[in-house]
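Single-letter residue listing:
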Amino acid sequence: MRTKIIAGNWKMYKTIAEALELVKTLHYGCQCNATEVIVSPPATALPKVAEFLKDSYIKVAAQDLFWEDFGAYTGALSAPLLKDAGAEYVIIGHSERRQYFGETNETVNKKIKAALKHTLIPIICIGETLTEREAGQVGEVLATQITNGLAGLTEKEIADSVVAYEPVWAIGTGKTASPAEAEEAHVIIRQLITKQFGNDAANKLRILYGGSVKPANSKELLSLENIDGALVGGASLNAKDFIEIIKSCT
Ligand code: PGA
């Protein structure tokens with residue numbers, strides 16, 4: 001039985017004060033032990049959020065990292081620095097990083113290895129664009145992202161990681177993949193993982209769905225066999241909506 005994960009990706013929103021207000025509401029508003037809950041504040045608010053959540057059931061993720069540990073890399077944040085600030089997870093390869101910051105499957109691979117080396121759990125984002133879906137290339141795109149993005153990892157590393165299937169056309173658009181489309185993609189991902197890393201890793205790996213998840217659709221998506229949680233953008237900025245999504249796991 002895979003424990004479900006509900007992760008909030010706050011993207012470039014929330015000042016430090018706003019971030020603290022939101023996590024306080026989440027922490028006191030929903031004591032949930034059956035589900036792993038993660039929030040991913042912007043780097044500026046991460047240390048304060050992590051400090052507040054030190055003894056909470058809610059964990060903290062960074063939104064990106066650079067693969068070197070230290071060095072002259074202006075503007076970058078490494079795994080050791082993010083751990084020091086209180087992160088336990090890190091989102092890697094989000095489609096917005098791929099689209100606006102030149103992230104590729106190769107850089108994603110280096111970042112995953114850097115995260116794992118420092119025991120930061122990677123939340124690895126993959127997913128197809130609308131053009132790719134319309135061209136019938138979903139399986140092919142996911143296969144390339146998995147083969148190249150996860151190259152060189154061990155079975156144990158995969159079993160302990162998290163993958164987020166986020167169809168690019170569903171992110172921030174209000175369009176959600178239908179439950180059937182989402183489940184189908186998750187099954188493809190689990191099959192690809194089985195082929196590359198074996199049954200055990202594939203059975204343990206948590207695969208989250210992301211893309212316009214909201215209280216109105218979370219229950220149905222989260223009830224599907226291969227959907228082990230959600231990576232939530234817009235709806236995670238609102239405590240009431242995020243709590244409803246967390247509660248829809250049970
Ligand atoms: P959304 O974002 O829920 O606003 O579509 C999801 C994500 O980008 O992770």
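Below, the structure is looked at part by part. (Residues numbered from 1 in each chain as written. Predicted model: local features only at pLDDT ≥ 70, side-chain atom pairs only at ≥ 80, totals over all residues. Heavy atoms only, no water.)

Regarding the overall build of the chain
When helices and strands are tallied, the chain shows 12 helices and 8 strands. Relative to the globule expectation of 18 Å for 250 residues, the C-alpha radius of gyration of the chain, 17 Å, shows essentially globular dimensions. When each of the 250 residues of the chain is scored for burial, the buried share is 52%. Pairs at least 24 apart in sequence give 74% of the contacts found in the chain among residues at least 6 apart. By element, 53% of the accessible surface of the chain is carried by carbon and sulfur atoms, the whole surface being about 11,300 Å². Taking the average place of the 26 positive charges on the side chains of the chain and the average place of its 30 negative ones, the gap between the two points comes to 3 Å. (Helix = DSSP H or I, 4+ residues; strand = E, 2+ residues; numbered from the N terminus. Rg over C-alpha atoms; globule rule 2.2 N^0.38 Å. Buried < 20%, exposed > 50% of the residue type's maximum accessible area, 1.4 Å probe, protein only. Contact = heavy atoms within 4.5 Å. Areas by Shrake-Rupley, 256 points an atom, 1.4 Å probe, with all protein chains shown as cover. Lys, Arg positive; Asp, Glu negative; His and termini not counted. Charge placed at Lys NZ, Arg CZ, Asp CG, Glu CD.)

Examining helix 11 (residues 215-222)
Looking only at helix 11, the buried set comprises Asn217, Ser218, Leu221 and Leu222. Looking down the long axis of helix 11, one finds its buried residues gathered within 125° of arc, a one-sided arrangement. Looking at helix 11, the residues exposed on the side facing more than 90 degrees away from the buried face are Ala216, Lys219 and Glu220. (Arc of directions from axis to C-beta.)

Topic: the environment of Gln63
Tracing the sequence through the fold places Gln63 in the loop between strand 3 (58-62) and helix 3 (79-85). Residues Gln63 and Trp10 lie 53 residues apart in sequence; the distance between their C-alpha atoms is 8.6 Å. Those residues in contact with Gln63, other than ones at most four positions away along the chain, are Asn9, Trp10, Lys11, Ser40, Pro41, Pro42, Ile91 and Arg97. A distance of 2.9 Å separates the side chain of Gln63 from the backbone oxygen of Lys11, its partner in a polar contact. (Polar contact = N/O pair within 3.5 Å; in protein donor to acceptor, adjacent residues only side chain to side chain.)

Section: the site of the ligand
Surveying the vicinity of the ligand reveals 13 residues, the closest of which are Lys11, His94, Glu166, Gly172 and Ser212. At 2.7 Å, a side-chain N or O of Lys11 approaches an oxygen atom of the ligand. Its residues assigned to classes, the shell around the ligand shows 4 nonpolar, 7 polar and 2 charged. (Near = heavy atom within 4 Å. Nonpolar A, V, L, I, M, F, W, Y, C, P; charged D, E, K, R; others polar.)

A few points about a nonpolar patch on the surface
Taken together, the side chains of Phe70, Leu77 and Leu81 define a hydrophobic patch exposed on the protein surface, amounting to about 290 Å² of accessible area. Looking at the secondary structure, you find Leu81 in helix 3. Residue Leu81 is classed as partly exposed on the basis of its relative accessible area, which comes to 38%. (Patch = residues over 30% accessible without salt bridge, like charges linked within 9 Å, V, L, I, M, F, W, Y side chains within 5 Å. Salt bridge = Lys/Arg side-chain N within 4 Å of Asp/Glu carboxyl O.)

What about the side chain of Ser212?
Tracing the backbone shows Ser212 in the loop between strand 7 (206-210) and helix 11. Here Ser212 falls in the buried class, since its relative accessible area comes to 16%. Among the polar contacts listed, one links the side chain of Ser212 to the backbone nitrogen of Gly174, at a separation of 2.9 Å. Not counting chain neighbours up to four residues away, the residues in contact with Ser212 comprise Ala170, Gly172, Thr173, Gly174, Lys175, Thr176 and Asn217.

Let's talk about the packing of aromatic side chains
Summed over the entire model, instances satisfying the criterion amount to 4 aromatic pairs. Judged by centre distance (4.5 Å) and plane angle (35°), the rings of Phe66 and Trp67 are tilted. Here Arg97 stacks its cationic end above the ring of Phe101, 3.9 Å away from the centre of that ring. (Phe/Tyr/Trp six-rings, centres within 6.5 Å; stacked < 30°, edge-to-face > 60°. Lys NZ or Arg CZ within 6 Å of the ring centre and 35° of its normal.)

Section: the pairing of strand 5 (residues 121-126)
In terms of burial, strand 5 is a largely internal element, 5 of the 6 residues being buried. Bridge count for strand 4 (residues 89-92) against strand 5 is 4 bridges, and the pairing is parallel. The residue bridging Val90 from the neighbouring strand is Pro122, located in strand 5. Sheet topology places strand 5 next to strand 6 (residues 162-165); 4 bridges connect them, and they run parallel. If you follow Ile123 over to strand 6, its bridge partner there is Val162. (Pairing = 2+ DSSP bridges.)

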